[in-house]
Amino acid sequence: ETGVTQSPTHLIKTRGQQVTLRCSSQSGHNTVSWYQQALGQGPQFIFQYYREEENGRGNFPPRFSGLQFPNYSSELNVNALELDDSALYLCASSLGQVTLQGEQFFGPGTRLTVL
Amino acid sequence: AQSVTQLGSHVSVSEGALVLLRCNYSSSVPPYLFWYVQYPNQGLQLLLKYTTGATLVKGINGFEAEFKKSETSFHLTKPSAHMSDAAEYFCAVTPSGGSYIPTFGRGTSLIVHP
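Description of the structure in this document. All values reported here derive from a predicted model rather than from experimental measurement. One numbering rule holds for all chains: residues counted from 1, following each sequence as written. Starting at A for chains and at 1 for ligands, labels are handed out in the order in which the entities are written. Side-chain atom pairs in this predicted model are given and counted only at pLDDT of 80 or more, local residue features only at pLDDT of at least 70, and totals for whole chains, interfaces and linings cover all residues. To get the side-chain values, take all heavy atoms of the structure and skip hydrogens and water.

1. Points about the overall build of chain B
Short version of the rule: Elements are defined by DSSP. Helices are runs of H or I of four residues or more, strands are runs of E of two residues or more, and each kind is numbered from the N terminus. For the radius of gyration, the atoms used are the C-alpha atoms, and the globule rule reads 2.2 Å times the number of residues raised to 0.38. When a residue's accessible area, from a 1.4 Å probe over protein chains only, is under 20% of the maximum for its type it is buried; when over 50% it is exposed; and in between it is partly exposed. Two residues form a contact once any of their heavy atoms are found within 4.5 Å. For accessible areas, the Shrake-Rupley method is used with a probe of radius 1.4 Å. Any residue's cover is judged against the shown protein chains and nothing else. Charge convention: Lys and Arg are scored as positive, Asp and Glu as negative, and His as well as the terminal groups of each chain are ignored. Charged side chains are reduced to one point each, which is NZ for Lys, CZ for Arg, CG for Asp and CD for Glu.
Of regular secondary structure, chain B possesses 0 helices and 12 strands. The globule rule puts the C-alpha radius of gyration for 114 residues at 13 Å, and the 14 Å found for chain B is close to it. Per-residue burial for chain B yields a buried fraction of 44% across its 114 residues. A separation threshold of at least 6 residues defines the contact pool for chain B, and within that pool the share at least 24 residues apart is 57%. Carbon and sulfur atoms provide 54% of the accessible area of chain B, an area that totals close to 5,300 Å². Averaged over its 7 positive side-chain charges, chain B has a centre that lies 7 Å from the centre of its 6 negative ones.

Here's what the structure looks like:
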């Protein structure tokens, strides 16, 4: 059984650029959630995708967008990068729409640095 | 609205000593409560969760937590710390109905001395 994987591991961008982060969910899982974890903070929920549709969104602007593909892998896209977007971005997969009663499995994260 | 407060950004214990990590929450509806552990350069791993039923919840690696509604608390304990317990611990809350958007605390770093 393959766990949640994320790519790339690290990424450096400059202000104003766009970035795409990728996540492969655990085998059999149809729900993916994305989180932003700033240094010294807890994860903040960005949004969740269930069966290719956004299903719940946290307090993030529209320049944060996502996709989920038929194989349930997912992308997080961030446009017009700002310095405050520097963070660890975590992906978590789970089975079923109501994910937070059940167990989410987290990937190791992508460390994004915006200069 | 919901919020989570983890008292103490760092907790230091000796190996073999009791571990107590504090978590208080506020929620306008009955919550579901979680504790996660994060080792360096890794994602979060679920330690335990409370949804309904017994208020004392046992998790992995010898950890347990007790939901105390009157105190709005969900403190994490372990009777005897091990060096391998050194990590970052996060408490999280979700509302039990409607939106399942989770709120995480800022985390507590557990340091274990030999």
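Now, onward.
2. Quick look at the sheet that holds strand 8 (residues 74-78) of chain A
Residues and elements named next belong to chain A. Selection rule: When DSSP finds two or more bridges between a pair of strands, those strands are recorded as paired. Axis geometry follows a simple rule: fit a line to the C-alpha atoms, using only the stretch in contact for helices, then measure angles between N-to-C directions, giving values from 0 to 180 degrees.
In space, the 4 strands of this open sheet follow the order 1-3-8-7, with antiparallel pairing throughout. Taken across any chain shown, the strands that pair with only one partner, and hence form the sheet edges, are strand 1 (5-7) and strand 7 (64-68). Adjacent strand axes in the sheet meet at a mean angle of 20 degrees when their direction is disregarded. Summarising the sheet, strand 3 (residues 19-24) and strand 8 pair through 5 bridges and their orientation is antiparallel. In the strand pairing of strand 8, Val 19 is matched with Val 78.

3. Quick look at the nonpolar core
Basically, it comes down to this: The term nonpolar core refers to a set of buried residues drawn from Ala, Val, Leu, Ile, Met, Phe, Trp, Tyr and Cys, joined through side-chain atoms within 4.5 Å.
By size, the foremost hydrophobic cluster in this structure holds 26 residues, and its most contacted members are Trp35(B), Leu48(B), Leu76(B) and Tyr89(B). Among the secondary structure elements, those contributing two or more residues to this core are strand 2 (10-14), strand 3 (19-21), strand 5 (31-38), strand 6 (44-50), strand 8 (64-68), strand 9 (73-78), strand 10 (87-95) and strand 12 (108-113) of chain B. In terms of residues, this core owes the most to one element, strand 10 of chain B, which gives 4 residues. Of all hydrophobic cores here, the second largest spans 20 residues; its members include Ile46(A), Phe64(A), Cys91(A) and Val114(A).

4. Notes on the interface of chain A and chain B
Operational definition: Accessible area, probed at 1.4 Å, shrinks when two parts are joined; the buried area is that loss added up over both. Each reported salt bridge corresponds to a side-chain nitrogen of Lys or Arg within 4 Å of a carboxyl oxygen of Asp or Glu. Distance and chemistry together define a polar contact, namely a pair of N or O atoms within 3.5 Å, with one atom able to donate a hydrogen and the other to accept it when in protein, and with adjacent residues in sequence counting only for side-chain atoms on both sides.
Taken together, the contact pairs 20 residues of chain A with 19 residues of chain B. Where chain A abuts chain B, roughly 1,600 Å² becomes buried across the two surfaces, and 59% of that area is made up of carbon and sulfur atoms. At the boundary of chain A and chain B, one finds 0 salt bridges. Along the contact surface separating chain A from chain B lie 2 residue pairs in polar contact (both at pLDDT 80 or more). Elements with a contribution of two residues or more to the side of chain A that touches chain B: strand 4 (31-37) and strand 9 (87-94) of chain A.

5. Comments concerning unusual backbone geometry
All names here are of chain A. Pro 8 follows Ser 7 through a cis peptide bond whose omega is -10 degrees. The backbone phi angle of Tyr 72 is positive, close to 75 degrees, even though this residue is not glycine. With respect to the helices, strands and loops of the structure, Tyr 72 is situated in the loop between strand 7 and strand 8.

6. With respect to the packing of aromatic side chains
Basically, it comes down to this: Each aromatic pair joins two rings of Phe, Tyr and Trp (for Trp, the six-membered one) with centres within 6.5 Å, and gets the label stacked for planes under 30 degrees apart, edge-to-face for over 60, and tilted for any other angle.
Enumeration according to the criterion identifies 11 aromatic pairs over all chains in this entry. For the ring pair Tyr35(A) and Phe106(A), a centre distance of 5.5 Å and an interplane angle of 40 degrees mean the geometry is tilted. With Tyr35(A) in strand 4 and Phe106(A) in strand 10 (residues 105-106), this residue pair connects regions lying 71 residues apart in the sequence. Judged by relative accessible area, which is 0%, Tyr35(A) ranks as buried. Arranged with centres 5.6 Å apart and planes meeting at 80 degrees, the rings of Phe106(A) and Tyr36(B) form a pair that is edge-to-face.

7. Section: the pairing of strand 8 of chain A
Successive side chains on a regular strand alternate, one facing one side of the sheet and the next facing the other. All names here are of chain A. Burial runs high along strand 8: 5 of the 5 residues are buried. Here strand 8 shows a buried face lined by Ser 74, Leu 76 and Val 78 and a second buried face lined by Glu 75 and Asn 77. Direction of pairing for strand 7 relative to strand 8: antiparallel, over a ladder of 5 bridges. Each bridged residue has a counterpart across the sheet, and for Phe 64 the counterpart in strand 8 is Val 78.

8. A look at the pattern of salt bridges
Enumeration over the complete set of coordinates arrives at 6 salt bridges over all chains. A salt bridge links Lys58(B) to Glu64(B); the shortest N-O distance between them is 2.8 Å. What makes Lys58(B) exposed here is its relative accessible area of 63%. Taken together, the salt bridges that share partners define one network made up of Arg63(A), Glu82(A) and Asp85(A).

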